[in-house]
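# A closer look at the structure
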Amino acid sequence: MEVTDIIKAENLIYKRTPLLTENILSYCPGCGHGTVHRLIMETIEEMGIQSQTIGVAPVGCSVLAYQFMDIDMQQAAHGRAPAVATGIKRVMPEKFVFTYQGDGDLAAIGTAETIHACNRGENITIIFINNGIYGMTGGQMAPTTLAGMVTSTSPYGRNTAMMGNPIKMTELVAQLPGTYYVTRQAVHTPAAVRKCKKAIRKAFENQKLNKGVSFVEVVSNCNSGWKMTPNQANIWMEENMFPFYPLGDIKVPEDSL
Amino acid sequence: MERDFRLMKGNEAIAEAAIRAGADAYYGYPITPQSEIIEYLMAEKAYDRTGMVVLQAESEIAAINMVYGAAACGRRAMTSSSSPGISLKQEGISYIAGAELPCLIVNVVRGGPGLGTIQPSQSDYFQSTKGGGHGDYRLLVLAPASVQESSDFVELAFDLAFKYRNPVLILSDGVIGQMMEKVELKPQRKRLTEYENWSTTGKTPDRQRNIITSLELDAHKQELINIRIQAKYKRMQEEEVRYEKILCDDAEYMIVAFGSSARICEKAVHVARGKGIKVGLFRPITLFPYPSKPIEEMADKLKGILTVEMNAGQMVEDVRLAVNGKVKVEYFGRLGGVIPSPSEVLNALEEKIIGGK
Ligand SMILES: Cc1ncc(C[n+]2csc(CCOP(=O)(O)OP(=O)(O)O)c2C)c(N)n1
Ligand code: SF4
């Protein structure tokens, strides 16, 4: 059998959503960013809200997210995406607005913007990619870097007495009255991907209810920053990241229990 | 239609003018001496009057980034602050300039550096006119000298911001912001219902997606963006220079001053005229683009120019550049929130310009 015999409409079981552009992803092979991009775009396609959605790209590896997502997008300054999203949503409350942010962006330089957007209960979706490191700038320590974890600015491991502790931002924002749905997911296995997609769908659907922030953390790998192969990185993530950042819902709307 | 006169503070006039100019959103953070702007918008329930968004942000940084978000949706968005807060906004202002978004920023200047004082000052001239944040960019800067101009410049600022897709700064100060004067208000203008074709309002099937960004990693492409932006500033220099001349026609000497300093100097000019000194006042209204040409044209007829500024001599550099050595230019000013008196100005004119060599 030739390849051309296989490529037929009736054999098609999976197709790239047209909402992902044909630009070649700038992410390292095996990186979680690309998978999460796909899930968001599939969600927007399935909900039929392409013309009603505005995305906010952060500073970090996903700074160019707008090259891959075929929707109107704004690029925000480092950490400021929740403020930018607030500015958008307040003038267009009927639109769907989301931010896409790394851990440095959301939990270090942008902590104030994150906390206050969540506390005000802005009716937006926040997608938070936690890879425990600064991917874009070459693997420096992040606020979420685990104790003992080696990065280029903690070359002997994160010494918490000297460098502070890893921050559980998701648990933190779950405490705020303005968050409606807070969950922690991953995309390292097909099962995790399916679960994560459901969470993202819920996080977007929630915007219709006007009840505040839906916050989806995705614990992800940074194989380049961690200096591992993609497979090693996923195993390391399961063994080290998940015990400290356990997967699952942290705050679920009472009316959906 | 009946004319609408009020007695108002400069800051209140800006707030009222924003509602009437059809502003879509105000995001701000309190700081003296400009907090009346957000207080007025809230007390007036601007959101009920026109549907305008008024939101107190968690910081000036957040506020300017909210402005970025709303401006990128094609809305008339604004913020206001005073010097320390404006410093915090500089990153955001640079992004807004880089992404070529229209917006209005109001700086009611107080004395610095650092936390400084809450008294009026003009020490943010450099920051306002030379860029302020990182990168090669300029704001279009309007300097009101009265409560009336504080009000009038709001609608003008929004219109210029949209004309050039560039942030516009109203550079007020603690005197203009806090004093009360009679002001004639403009009629209510409608808020926008249609938005520029670059706005991120949701990608419809009939168009490509709109992307608002200041990022271009390719240096050659980034250079082209810079060249395009610079051409815009050149066009502002050709089309938007605004100034006022008082008693300059027969003048042998000229004082150059803007904002509240210009009011003090106007008084000094009248006192000097009473003493037989032929002095006029040149008041730049746009600080960028700076009225360099009109000042240069005056230079041949003058024996000397004095700039009067509530700072350590910032605008004097632009006047010297404008006259390019054709005539003597000296500076007089008070620092740190102290307001010069007309007699101090007159003394400085007599000592540094008329009597000086
Ligand atoms: C104001 C500012 N400070 C620092 C930087 C440099 N910088 C770019 S990305 C980044 C960290 C990004 O890390 P993260 O948010 O975790 O995203 P990742 O790249 O890992 O996806 C930093 C520090 C910047 N662009 N702007
Ligand atoms: S550096 Fe890390 S976060 Fe960035 S694309 Fe590569 S693997 Fe992903």
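Everything quoted here is computed from the prediction, not taken from an experiment. (Residues numbered from 1 in each chain as written. Chains lettered and ligands numbered in written order. Predicted model: local features only at pLDDT ≥ 70, side-chain atom pairs only at ≥ 80, totals over all residues. Heavy atoms only, no water.)

## Thoughts on the pattern of salt bridges
- Here the structure, examined in full by the defined rule, presents 41 salt bridges over all chains.
- R3 of chain B is the partner of E184 of chain B in a salt bridge, and the nearest nitrogen-oxygen pair spans 2.7 Å. Here R3 of chain B lies in the segment before β1 (4-9) and E184 of chain B lies in strand β8 (residues 180-185), a separation of 181 residues in the sequence.
- On the accessibility criterion, E184 of chain B (24% relative accessible area) is partly exposed.
- Salt bridges linked by common partners bring R38, E42, E46, K197, R201, E205 and K208 of chain A together as one network. (Salt bridge = Lys/Arg side-chain N within 4 Å of Asp/Glu carboxyl O. Helix = DSSP H or I, 4+ residues; strand = E, 2+ residues; numbered from the N terminus. Buried < 20%, exposed > 50% of the residue type's maximum accessible area, 1.4 Å probe, protein only.)

## Comments concerning helix α7 (residues 147-164) of chain B
All names here are of chain B.
- With 18 residues, α7 should reach 26 Å at 1.5 Å per residue; the first-to-last C-alpha distance of 26 Å fits that figure.
- Residue F153 marks the point of greatest curvature in α7, where the axis turns by about 30°.
- With 13 of 18 residues buried, α7 lies mostly within the body of the structure.
- Just downstream of α7, R165 is the residue with a positive phi angle, here 50°. (Expected span 1.5 Å × (residues − 1). Bend = angle between axes of the 7 residues up to and from the residue.)

## Some thoughts on the domain arrangement of chain B
All names here are of chain B.
- Once the domains are mapped, chain B shows domain 1 (4-239) and domain 2 (244-354).
- Taking only C-alpha atoms, the centre of domain 1 and the centre of domain 2 are 28 Å apart.
- On the side of domain 2, 25 residues touch domain 1, which itself brings 31 residues to the contact.
- Buried area between domain 1 and domain 2, summed over both chains or domains, comes out near 2300 Å², and the portion from carbon and sulfur atoms is 58%.
- Area buried by domain 1 at its contact with domain 2 is led by Q122, Y125 and F126, which between them contribute 31% of it.
- Our count for the contact surface shared by domain 1 and domain 2 stands at three salt bridges.
- Taken together, the links from domain 1 to domain 2 amount to 17 residue pairs in polar contact (both at pLDDT 80 or more).
- A per-class count over the side of domain 1 that touches domain 2 returns 17 nonpolar, eight polar and six charged. (Domains from an automatic or database assignment. Contact = heavy atoms within 4.5 Å. Buried area = accessible area lost by both parts, 1.4 Å probe. Polar contact = N/O pair within 3.5 Å; in protein donor to acceptor, adjacent residues only side chain to side chain. Nonpolar A, V, L, I, M, F, W, Y, C, P; charged D, E, K, R; others polar.)

## Brief notes about the interface of chain A and chain B
- Residue-level contacts link 36 residues of chain A with 33 residues of chain B.
- When the shortest N-O distance is used, the salt bridge between D70 of chain A and R209 of chain B registers 3.7 Å.
- Linking chain A with chain B are 19 residue pairs in polar contact (both at pLDDT 80 or more), by the criterion used here.
- Broken down by secondary-structure element, the contributors of at least two residues to the side of chain A that touches chain B are β1 (53-57), β2 (72-75), α3 (81-91) and α5 (111-120) of chain A.
- Per element, the largest residue contribution to the side of chain A that touches chain B is seven residues, and it comes from α3 of chain A.
- For the side of chain A that touches chain B, the class distribution of residues is 16 nonpolar, 12 polar and eight charged.
- As defined by bridge partners, β2 of chain A adjoins strand β9 (residues 211-212) of chain B across two bridges and the pair is classed as parallel. Its bridge partner being in β9 of chain B, M73 of chain A is matched across the sheet by I211 of chain B. (Pairing = 2+ DSSP bridges.)

## Looking at the site of ligand 1
- Around ligand 1, 17 residues are found, and the nearest of them are H33, C61, D103, D105 and G135 of chain A.
- Among the chains of the assembly, those with residues near ligand 1 are chains A and B.
- D103 of chain A is positioned such that a nitrogen or oxygen atom in its side chain is 2.8 Å from an oxygen atom of ligand 1.
- Within the backbone of M136 of chain A, an N or O atom sits 2.9 Å from an oxygen atom of ligand 1.
- Considered on its own, ligand 1 offers 590 Å² of accessible surface; in the complex 77% of this is hidden by protein.
- Elements that contribute at least two residues to the shell around ligand 1 include exactly α4 (103-109) and β5 (133-134) of chain A.
- Residue composition of the shell around ligand 1, by class: six nonpolar, eight polar and three charged. (Near = heavy atom within 4 Å. Areas by Shrake-Rupley, 256 points an atom, 1.4 Å probe, with all protein chains shown as cover.)

## Focus on the sheet that holds strand β7 (residues 179-186) of chain A
- The eight strands are arranged β9(A)-β7(A)-β8(A)-β4(A)-β3(A)-β1(A)-β2(A)-β9(B) in an open sheet whose pairing can be described as mixed. With partners counted over all chains shown, the strands left at the sheet margins are β9 (248-251) of chain A together with β9 of chain B, one partner each.
- Here four bridges tie β1 of chain A to strand β3 (residues 96-102) of chain A, and the two strands are oriented parallel to one another. Counted as the bridge partner of G55 of chain A is F98 of chain A from β3 of chain A.
- In the packing of α5 of chain A onto the sheet, the strands contacted are β4 (125-130), β7 and β8 (213-219) of chain A, and the crossing angle to β8 of chain A comes to about 140°. (Axes fitted to C-alpha atoms, helices over the stretch in contact; angles between N-to-C directions.)

## A few points about the pairing of strand β11 (residues 253-256) of chain B
Residues and elements named next belong to chain B.
- The alternating pattern of β11 places Y253 and I255 on one face and M254 and V256 on the opposite face, and all of these are buried.
- Note that the unit made of β11, helix α10 (residues 259-274) and strand β12 (residues 279-284) has a crossover that is right-handed.
- Here four bridges tie β11 to strand β14 (residues 304-309), and the two strands are oriented parallel to one another. Counted as the bridge partner of I255 is L306 from β14. (Right-handed = clockwise from strand over helix to strand, strands pointing away.)

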